[in-house]
Each structure stands twice: as C-alpha cells, then as structure tokens.
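Each chain, written out:
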Amino acid sequence: MKLCMIGTGYVGLVSGVCFSDLGNTVYCVDKDKKKIDSLNNGIIPIYEPGLEEILKRNYKANRLIFTTDFKKAVSNSDVIFICVGTPTKRNSNSANLKYVFDVAHQLKKTISKYKIIVTKSTVPITTGDKIEKILKRLKNKKLVDVVSNPEFLREGEAIRDFIYPDRVVVGTSSKRANQTLRSLYLPIIKKTSRYFNTSRRGAEMIKYASNAFLATKISYINELANLCEKTGVDIKDVSFGMGSDERIGERFLRAGPAYGGSCFPKDTRALIDTANKFETDLSIVKNVIKSNDKRKILLTQKIEKILNKKTNNKIITFLGVTFKPNTDDMREASSIPMMNFLSKKKCKIRYFDPSGEKKELSKIKNVKFCKSISLACFKSDLIIIHTEWNVFKLLNFRKLVKKKNFSIYDMRNIYSPIKMKHMKIRYYGVGR
Ligand code: UGA
C-alpha cells in the first residue's frame, strides 16, 4: 500500500517507519526542511530504541521517503495519516488544532482522487467531523473518507507497541475505508491483538479515555503511597496484592513522582475541556489533574524534610531527569519543578541522564550536568533516583559517593530498604 504520514514527530515517524517495515511504501512529509534533510542523512530527531535500525533498512529498500513535497506525497498515496502535534493552547486546557486544520485545508487543495484521511494525532472528540466538513467542500464529495485511528504507543517502547498492539482502533462508518485499514493492519492484528471498528467519535473518545484512565490509576496508587508512608505499609506489596486481581491488573500501579510526558498531562486537560463544552462534569479526571499537580509539591517538600530543611549549599544529585526511561523527552518531567525549587533554596544540583544534557535545565541556576554516574554522585549529600533507567539499578552507592553520611531518595522504589539499612545508608522510597 502507499501511505503518507504528515508530520514526522514521534507519532508520524515511528508509525511511518513501522508501516514501511511491513512492506508498504511510506512518504513521511514535514514542512521542516532541516528535519527532512537530517532524516535523509540518517539522523533521527528523537530517541527511540530500535527505530534507527528499522528506519535505515527501509530507507535503503526505497520503501521510506522523507520529503517536504506535500503535493507529491499526498498524490502518490492511498491513505494519508495526519500526525501533526496537538499541544495545549496557551492559558487554556484545550488542544491547539491549528496544525491539524491547516493540513485539512492543504489536503482540500491537493486531493483529486479517492483518499482515506486518517487522524493519528490525538484530537478531541468531534475533530474528525470538522476535518470532514473542511474536506467535503471538495467538488466531488465521495473523494474522501475521514477516519480516526488513534495510536497507543509508549515512548521508549514504541516499536514493540506498534508490532504487538493490544488493540487497533479504527473509527469509521465507511466499509471501504474500514476494509483498507484492516488489510493494512492485517500483518500485526493476526498475532494477538484485536482490530476494533467503531464510530469516528468513539475512536477519538477511546484514546482520551485510555490515557485519562491510566493517569487515574497512577494517581490512585500515588495517593495510596502517601497513606502507606504514614502507616508503615510497603506500597509495592499493595500494588502486587491489588494488581494480581485480573479485574484490576498489575500494570501502571507503580508509585513514583508525578506522571509527566507529552500525553497524560495534555490529554487529561483536553478531556476536561471537551467535557466542559458538552456540559459534563468529569470530576474524577479533574481530581487526577489536581492530585498530580499536588504531587510535584509533596515530593519536593519531602526532599526538604530529608535535608532537615538545611538546604544551603547541599549537593543534590539527580539520577535521571526525563519523565520516564528510554526517552530523551523532558516534557512535563517532574525533575524540572523540583530543581527549580531546590535551586532557589541554594542547593548545588548535579544530574546525570543516559540521554544526555538537557536544554530545559540549562537556565536553572546551580544546575550542572555530569558526564558519568560517578562524577554526579561523588561527595553528594542526597541522591535522588528520579527516573528508573536500567543503569541505575545495580549501583554501589558507598563506592560512588565516597563519603560517610549521605541519603538516597529512591522515587522509583528500585532498591531494597532492608539492604540499604544493612549498608547503613539513609534510604527513602515512595510509599514504604
Ligand atoms: C502514554 C500511554 O501509555 C500510551 O499508551 C499513549 O499512546 C501515549 O501516552 C500517547 O498518548 O501518545 P507515554 O507518555 O510514552 O505513553 O508514557 P507512559 O509509559 O504511559 O508513562 C507516562 C508517565 O506515567 C511517566 O511519567 C511514567 O513514569 C508514569 N508512570 C507510568 C508511573 O508513574 N507509574 C506507572 O506505573 C506507570
């Protein structure tokens, strides 16, 4: 099949590369010429394990084309995926749909024979209707089917999530479009996953409902962790004991810092915005957002407490700063507000992250990137394990810190509190 991905951000690039690996010819279009030039030179703008190898393989086989030529890419393709960003609007909760509608207007000018237009970007319920309205002003109304096909890829695990999806959701009432998408996904839906055809609005809703539910699950366990800390219960036992009930499920029950990333914070806000427009009170989701915001403050207060409020000139080391491991993404990472606060409290902050130095932290005073774990930990007063990268899982802190008294705040509960006690290290976890 011939496909076109409009937008070579996370969603467009990963999906485009994976579709090409299934034998399709994929045009990846972006208006950012620099990005397209880089991709044509084999430079990948995002950090995603496994992506480079698949990209290079398919590029060599001429199944993957990176271009700024919108018209050519669209004209040569049967299915067009809209994969542009939908960030939160300034001073509001709603998703900015400018880029999506710009693409729709451009498509209107370009399309002259039947195409299936698919939104993969996360778009609020009824966006498909609006895109259709723009496109149906085409002279021949049968020229397009507008479909919603949300993606459920996790950063850092995107390739596996694409090849082994739990489900593929396709929102359309058009038989023709549904048949085409079913055959496109056939190589992967044959394995274990479900192909689910629903209404277009239904598919749009499923995406938001899924992300908001996962955010709720995390916030729920995080709040329980607060209670565990006061009652001497280990939250890991609670997660295990609860999660073993198949109705609940064990995944996304890991207590930690406030959830971050480009999706949960943005999508929960946008869902509330949609609910407001339809005069519906989604009180649970509203409280999840509040709970997550509070969590950023709560964990920062705990850092202060660990330091006995004596923050002046204290050396604080962050191991991991990204919102989760296996990504270089800093969007809504809770390390940022924590560092801002500690910097104001005159702490000397160092950090090491396997994905390298971060421009998002460069403007915070007293923050320094270290090139290795040992440089970051040497003579530190407090080590904060903020992100659970694998390289942080088997460290000998006594050897690294080379100092008698220091503390560890393990925000991801990687280490055993008992072993830490044996080693006479002041150790704090989350909810234990
Ligand atoms: C999320 C969803 O998991 C994907 O299914 C979805 O496709 C994606 O958003 C999207 O909408 O594009 P992602 O943002 O990559 O994926 O990251 P997650 O793995 O979901 O983690 C989000 C945040 O939750 C991270 O800060 C992570 O540390 C936190 N988390 C996750 C926990 O604190 N505890 C958990 O048990 C799981």
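Our structure's up above, just so we're on the same page.
Counting restarts for each chain: residues are numbered from 1 in the order of the written sequence. In view of the model being predicted, local features appear only for residues whose pLDDT reaches at least 70, and side-chain atom pairs are presented and counted only at 80 or more, with totals across whole chains, interfaces and linings using the full set of residues. Heavy atoms from the whole structure form the basis of all side-chain values; hydrogens and water molecules are not counted.

Q: Just checking my understanding: could you explain the overall build of the protein chain for this structure?
A: Strands are runs of DSSP state E lasting at least two residues, helices are runs of H or I lasting at least four, and both sets are numbered from the N terminus onward. Secondary structure assignment for the protein chain yields 16 helices and 14 strands. Taken over C-alpha atoms, the radius of gyration is set against a globule rule of 2.2 Å times the number of residues to the power 0.38. The globule rule puts the C-alpha radius of gyration for 432 residues at 22 Å, and the 24 Å found for the protein chain is close to it. If one aligns the C-alpha atoms of the protein chain with their principal axes, the spans along those axes are about 75 × 50 × 40 Å. For the protein chain, with 432 residues in total, the buried portion stands at 54%. Intrachain contacts of the protein chain at a sequence separation of at least 6 include 71% that bridge at least 24 residues. Calculation of accessible area relied on Shrake-Rupley with a 1.4 Å probe; when residues are assessed, cover is drawn exclusively from the protein chains displayed. Total accessible area on the protein chain stands at roughly 21,500 Å², and carbon and sulfur atoms take up 53% of it. For the purpose of charge, His is not counted, nor are the chain termini; Lys and Arg are scored as positive and Asp and Glu as negative. Here the site of a charge means NZ on Lys, CZ on Arg, CG on Asp, or CD on Glu. Between the centroid of the 83 positive side chains of the protein chain and the centroid of its 41 negative side chains there is a distance of 3 Å. Burial classes follow relative accessibility: with a 1.4 Å probe on protein chains only, a residue under 20% of its type's maximum area counts as buried, one over 50% as exposed, and anything between as partly exposed. When checking whether two residues touch, look at their non-hydrogen atoms; a contact exists if any pair is within 4.5 Å.

Q: Teacher, can you tell me more about helix α9 (residues 200-231) here?
A: Within an α-helix, residues lying three or four positions from one another point in the same direction, as the helix has 3.6 residues per turn. Expected span, for any helix, means 1.5 Å times one less than how many residues it has. The end-to-end C-alpha distance of α9, which contains 32 residues, comes to 47 Å, matching closely the 46 Å that a straight helix rising 1.5 Å per residue would cover. Just past α9, the residue Gly232 takes up positive phi, approximately 75°.

Q: Whenever I open this one, the packing of aromatic side chains confuses me. Can you help?
A: In this description, a pair of aromatic rings is defined by centroid distance and the angle of the planes. For Phe, Tyr and Trp, rings pair up if their centres lie within 6.5 Å, where Trp contributes its six-membered ring, and each pair is then called stacked (planes under 30 degrees apart), edge-to-face (over 60) or tilted (otherwise). Applying the stated criterion across every chain, the model contains 10 aromatic pairs. An angle of 90° between the planes, with centres 5.1 Å apart, marks the rings of Phe19 and Phe162 as edge-to-face. Linking Phe19 in helix α1 (residues 10-21) with Phe162 in helix α7 (residues 158-163), this pair joins segments that are 143 residues apart in sequence. As far as burial versus exposure is concerned, Phe19 and Phe162 are alike and both buried. Arranged with centres 6.1 Å apart and planes meeting at 75°, the rings of Tyr47 and Trp389 form a pair that is edge-to-face. Placement of the pair is Tyr47 in the loop between α2 (33-40) and α3 (51-60) and Trp389 in the loop between β12 (382-385) and α15 (397-401), with a sequence separation of 342 residues. Using a relative accessible area of 33% as the deciding quantity, one classes Tyr47 as partly exposed. Classification of Trp389 by relative accessible area gives buried; the value is 4%. Here a set of aromatic residues connected by ring pairs shows up, and it is made of Phe19, Phe81, Phe162 and Tyr185. For a ring to carry a charge above it, either NZ of a lysine or CZ of an arginine must fall within 6 Å of the ring centroid while also lying within 35 degrees of the normal to the ring plane. Over the ring of Tyr114 we find Arg176; its NZ or CZ atom is 3.4 Å from the centre of that ring.

Geometric descriptors of this kind do not, in isolation, establish any biological role.
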